Structure formats: C-alpha cells, structure tokens
Amino acid sequence: MHVGFRQPLIFPIGHYMGEISVPGSGQGRSHFIRRDSDLVQLTRQQFHVWMLARGRKGELDRRRWTRGVAEREASRLGVTDPAAIVDGLVTTGLIAEMVPGRKAAYRFALAYQLHPLMLGLGNSRYEPWLFGIGFGEQPVLRVRRDLFGLWEWANGDDNLWQACQAYADVEVAAGGADRDHTDPQRVLTRLVRSLHLFTANSAAYLDVARRAESAS
C-alpha cells in the first residue's frame, strides 16, 4: 500500500454489466465488468472495492479520491484485506492508479478513454456557465463548459490525450486565448481532477484506449 502525500488516485476501468447467477460456479451470484472486449467476473467483495474506486458523491469536494481513501471505505463496509483486492484489480486492469503529476496524467491519458452514459442537457439562462448531464429534464450533475465538451466528445477520440488535444484545437480555432482551454496539458489537468465527478455519478465510465500510445 502506498503512503504519504503522493498516494495515487484510483480509478475504475470498465463498464458494469450487472449481477448474474452463474450455474455450477459454486459462487452464487457474481458481478460482471466489461473491460474493452473482455467480460470479467468479480466476487461481491471485489465488486465493492471496484465500485468504491468510482468515488462517492458528496465527498469529492473535500478530499482527493485516493487508494487509501477507497481502502478505508472498503474496510468500513466489511471488506477483508481491501489492499490485496486493489492489488488484484490493478493486475487484472480493472483499477488504474495514478500518482498526481503532469507526466503521470499524460501517461494515464494515453492509456484510457472516457465514455458518456447519460445525455447532455445544455445550460440555462439562470446559470449559463454550467451545463447539465442527466436524463430528460433531470440533470444529475452540472459542470463547466470545458468538462461538458470533453465528456460529450471524448469517446470520439482514441484516448483521453487526443480528446484534450482536440478540445484545445477547437478553442484555438475559435480565437480562444485562455491557456486553461488552449493548452492540452492544462485541459488534461482539469479533466483528471474531475474524472471522479463523472464516475461517481454514473455519468461516464473509463475504459482502455481504443488505440493506446507510448509516452515519448
């Protein structure tokens, strides 16, 4: 287990497909995660840890969602040896760790992709700077324009880094001068800080990149 200030952030990888009874498995009902083209079976305790890696609504403003936080929450839920379960899920590729930093964020962005799970509801005249994500006329969350654009279009690119580059290119072409929007690295930094907002609210999921690239 990592300790100290630079404890890694933790992210779930894959799309939850539901709980299914598998006849003859001897395990009762199991949970299944689709990661890329693979369907992975999880035990109940593994699933609890994977779900906790998504973050928890209402707590993301006050603390970073790190491995240590997720493991402590898992212990409170009665999960036995959550650190070992996290290690196992990292090995199978269902959890990704990222120590905060520009280089680590860049490597992470080359390896993963974001897929929306809800509908974009746009903004309103009352809060034009915030854009809703949800279903029908019921927003589940509201985010800034940059995050909304990345959430909406990121799965059209091969990986998160390409999505950040595409967003910055559009801003430059539109005459933007704010480097938070025109510098892909800054765009990525803002996105990484908000990824748990999407996963905790089931607004999107992370999966392996359509075409991974090597960090140069």
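What you see is a predicted model, and the numbers here were worked out from it, not measured in a lab.

Undergrad: Explain the overall build of the protein to me, using residue names and the numbers behind them.
TA: Counting secondary structure elements, the protein contains 8 helices and 10 strands. Across its three principal axes, the protein shows a C-alpha extent of roughly 60 × 40 × 35 Å. Per-residue burial over the protein gives 46% buried out of 216 residues. Put simply, 60% of the contacts in the protein that link residues at least 6 apart link residues at least 24 apart. Total accessible area computed for the protein in this model is approximately 11300 Å², and 51% of it derives from carbon and sulfur atoms. If you average the places of the 27 positive and of the 23 negative side-chain charges in the protein, the two averages end up 5 Å apart.

Undergrad: Break down the packing of helix H2 (residues 67-76) against helix H3 (residues 82-91) for me, with residues and values.
TA: Interaxial distance between H2 and H3 falls to 9 Å at its minimum, and their mutual angle equals 125 degrees. Taken together, the axes of H2 and H3 lie oblique to each other. Judged by the sense of rotation from one axis to the other, the crossing of H2 with H3 is right-handed. Only Pro-82, Ala-83, Val-86 and Asp-87 of H3 make contact with H2, whose side of the interface consists of Arg-67, Glu-71, Ala-74 and Ser-75. Of the residues that constitute the contact of H2 with H3, the class distribution is 4 nonpolar, 1 polar and 3 charged.

Undergrad: Explain the sheet that holds strand S4 (residues 38-42) to me, and be specific about the residues and the numbers.
TA: Backbone-to-backbone hydrogen bonds pair the strands of a sheet. The strands run either parallel or antiparallel. Pairing is antiparallel in the open sheet, where 3 strands are placed in the order S2-S3-S4. Among the strands making up the open sheet, the edge pair consists of strand S2 (15-21) and S4. The mean inter-strand angle of the sheet, taken between neighbouring strand axes irrespective of direction, is 30 degrees.

Parameters and conventions
Residues numbered from 1 in each chain as written. Predicted model: local features only at pLDDT ≥ 70, side-chain atom pairs only at ≥ 80, totals over all residues. Heavy atoms only, no water. Helix = DSSP H or I, 4+ residues; strand = E, 2+ residues; numbered from the N terminus. Buried < 20%, exposed > 50% of the residue type's maximum accessible area, 1.4 Å probe, protein only. Contact = heavy atoms within 4.5 Å. Areas by Shrake-Rupley, 256 points an atom, 1.4 Å probe, with all protein chains shown as cover. Lys, Arg positive; Asp, Glu negative; His and termini not counted. Charge placed at Lys NZ, Arg CZ, Asp CG, Glu CD. Axes fitted to C-alpha atoms, helices over the stretch in contact; angles between N-to-C directions. Parallel < 35°, antiparallel > 145°, perpendicular 65-115°, else oblique. Left-handed = near helix turned anticlockwise from the far one by under 90°. Nonpolar A, V, L, I, M, F, W, Y, C, P; charged D, E, K, R; others polar. Pairing = 2+ DSSP bridges.

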